[in-house]
Amino acid sequence: MIYLKTPEEIEKVRRASDLVSRTLGEVAKWVAPGITTQRLDTIAREFILDNGGRPACLGYGGFPGTLCIEVNETVVHGFPGGYVLKEGDIVGTDCVVELDGYNGDSCYTFGVGEIDPATARLLRVTKESLYKGIGAARAGKRVGDISNAVQTFCERAGYSVVREMCGHGIGKSMHEDPEVPNYGRRGIGPLLKPNMTICIEPMINLGSKNIVIERDGWQCRTRDRKPSAHFEHTILITPDEPEILTTFRYIEEALGDKDVTFGIPGAE
Ligand code: MF3
Ligand code: CO
């Protein structure tokens, strides 16, 4: 069941999306060699609570963090903990905020200090693929058009698309219909209509597409242990251009010239 949102509901998703964006902007200030992922999680949780939101991942199905922490080969759903970030790592921070009963969801993958050029390119291509997907997210098109735009762009760059994890609708629940895969054929899947709010979130691997889920049932890594990147926006389908409800502006302001994805088209 795909819920079309009323103007009031859209405003609430917009405000939750702004808060999750500002939360990741706070996290961005602290990503550096020597910090633990637990510390990043605490910074995010306190910021959300200070601003009247609820960290929606915390306790969701038993998930133990405010942030999903995605270090290097971790694809999604990594736990915050005692791991100390080191120079050359990449770390994705995926966060959902509930505010006034509605959710916003965003993810950004950071380089920690200097990272190697091949990994930096993976981050740039994955971020750009998110904007390719958003560009295809127009009323009258179908979910498969988004999927195909992401897949085509990433595979042409030599990367592989994770199959098991998808984007999704969002609203009162963090996960609503439709599923938004990052691979698929143009012209298939649910029709996109104005006032749908959806999350597009490419999860792209440097090596093969295969993943392994750890015995905890959550933490997901690449089978070949090569790096994986993940970027996500919450967007609104409109009669014309999609509106991006989350923003990386706060992150980009915090990172300045430390951002290896600086200047990717579509970024604010
Ligand atoms: N941000 C994740 C997503 O994009 C949310 C799932 S994390 C969970 O769908 F812990 F809440 F499950
Ligand atoms: Co999501």
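The following refers to the structure shown. Per chain, residue numbering runs from 1 following the sequence as it is written. For this description, chains carry letters from A and ligands carry numbers from 1, given in the order in which they are written. Per-residue local features of the predicted model are confined to residues with pLDDT of at least 70, and side-chain atom pairs are confined, for both listing and counting, to 80 or more; whole-chain, interface and lining totals are unaffected and use all residues. Note: side-chain values were computed over all heavy atoms of the structure, leaving out hydrogens and water.

## Digging into the overall build of the chain
In step 1: The helix count covers DSSP runs of H or I at least four residues long, the strand count covers runs of E at least two residues long, and both are numbered beginning at the N terminus. Of the regular secondary structure elements, the chain holds five helices and 15 strands.
In step 2: C-alpha atoms define the radius of gyration in this analysis, and the globule rule sets the expected value at 2.2 Å times the number of residues to the power 0.38. Taking 18 Å as the expected radius of gyration for a compact globule of 268 residues, we find that the chain reaches 17 Å, a close match to that expectation.
In step 3: Each principal axis of the C-alpha distribution contributes one length, and for the chain these read about 45 × 45 × 40 Å.
In step 4: In this scheme, a residue with accessible area under 20% of its type's maximum is buried, one over 50% is exposed, and one in between is partly exposed, where area comes from a 1.4 Å probe on protein chains only. Scored against the burial criterion, the 268 residues of the chain give a buried share of 55%.
In step 5: Any pair of residues with heavy atoms lying within 4.5 Å of one another is described as a contacting pair. Long-range contacts, defined as pairs at least 24 residues apart, comprise 71% of the intrachain contacts of the chain with a sequence gap of at least 6.
In step 6: We get accessible surface area from the Shrake-Rupley algorithm with a probe of 1.4 Å; when it comes to residues, only the shown protein chains can shield them. Taken as a whole, the chain presents about 11000 Å² of accessible surface, with 50% of it coming from carbon and sulfur.

## Section: helix H4 (residues 143-156)
In step 1: Across its 14 residues, H4 extends 20 Å between first and last C-alpha, which sits within 8% of the 20 Å expected from 1.5 Å per residue.
In step 2: Taken residue by residue, H4 has Val143, Gly144, Asp145, Ile146, Ser147, Asn148, Val150, Gln151 and Cys154 as its buried positions.
In step 3: Those residues of H4 that are buried lie in contact with helix H3 (117-135), strand S6 (160-161), strand S8 (176-180), strand S9 (197-200) and strand S10 (203-205).
In step 4: Looking one or two residues beyond H4, the residue adopting positive phi is glycine 158, at roughly 100°. A helix is expected to span 1.5 Å multiplied by its residue count minus one.

## Side note on the coordination of the cobalt ion (ligand 2)
In step 1: Distances decide who is a donor: an N, O or S atom must be within 2.8 Å of the metal, or within 3.2 Å for Na, K and Ca. Water is not included, so sites may look incomplete. For the cobalt ion (ligand 2), the full set of protein donor atoms is Asp105 (OD), His168 (NE2), Glu201 (OE) and Glu232 (OE), at a range of 2.0 to 2.3 Å.
In step 2: Along the chain, the residues donating to the cobalt ion (ligand 2) are arranged with the sequence spacing D-x62-H-x32-E-x30-E. In this pair, glutamate 201 sits in the loop between S9 and S10 while glutamate 232 sits in the loop between strand S13 (228-230) and strand S14 (233-236), placing the two residues 31 residues apart along the sequence. Taken as a pair, glutamate 201 and glutamate 232 share a single burial class, namely buried.

## Focus on the site of ligand 1
In step 1: Near ligand 1, the surroundings consist of 14 residues, among which Asp94, Asp105, His175, Glu201 and Glu232 are the closest.
In step 2: In the analysis that follows, any N or O atom pair within 3.5 Å is treated as a polar contact, provided that within protein one partner can donate a hydrogen and the other can accept it, and provided that, for residues neighboring in sequence, both atoms belong to side chains. Take glutamate 201: an N or O atom from its side chain is 2.8 Å from an oxygen atom of ligand 1.
In step 3: One of the side-chain nitrogen or oxygen atoms of glutamate 232 is found 3.1 Å away from an oxygen atom of ligand 1.
In step 4: Considered on its own, ligand 1 offers 330 Å² of accessible surface; in the complex 97% of this is hidden by protein.
In step 5: When the residues that make up the shell around ligand 1 are grouped by side-chain class, the tally is seven nonpolar, three polar and four charged. To be near a molecule or strand, a residue needs just one of its heavy atoms within 4 Å of it. Residues are grouped as follows: Ala, Val, Leu, Ile, Met, Phe, Trp, Tyr, Cys and Pro are nonpolar; Asp, Glu, Lys and Arg are charged; all remaining types, including Gly, are polar.

## A look at the environment of aspartate 145
In step 1: Relative to the assigned elements, aspartate 145 resides in helix H4.
In step 2: Considering only alpha carbons, one finds aspartate 145 and asparagine 72, 73 residues apart in sequence, at a separation of 29 Å.

## Digging into the sheet that holds S10
Two strands in a sheet stick together by hydrogen bonds in their backbones, pointing the same way (parallel) or opposite ways (antiparallel).
In step 1: One open sheet holds the three strands; their spatial order is S6-S10-S13, and the pairing between them is antiparallel. Edge positions in the open sheet fall to S6 and S13, since each of these has one partner strand only.
In step 2: Two strands are said to pair when DSSP picks up at least two bridges between them. Both S10 and S13 contribute to a ladder of three bridges, which runs antiparallel. Across the sheet, the residue bridging to methionine 203 is histidine 230, located in S13.
In step 3: Running over the sheet, H3 touches S10 and S13 and is turned about 35° from S13. Each axis is a line fitted through C-alpha atoms, and for a helix only the stretch in contact is used; angles between axes span 0 to 180 degrees, taken between their N-to-C directions.

## Considering the pairing of strand S5 (residues 102-111)
In the case of a regular strand, side chains alternate between the two sheet surfaces.
In step 1: Counting buried residues in S5 gives nine out of ten residues, a clear majority hidden from the surface.
In step 2: Pairing between strand S4 (residues 90-99) and S5: ten bridges, direction antiparallel. Paired with glycine 92 across the two strands is threonine 109, which belongs to S5.
In step 3: Hairpin geometry of S4 and S5 is characterised by an intervening segment of two residues between the two adjacent antiparallel strands and by a positive phi of about 50° at aspartate 100.

Limitation: the analysis is restricted to geometry and does not speak to function.
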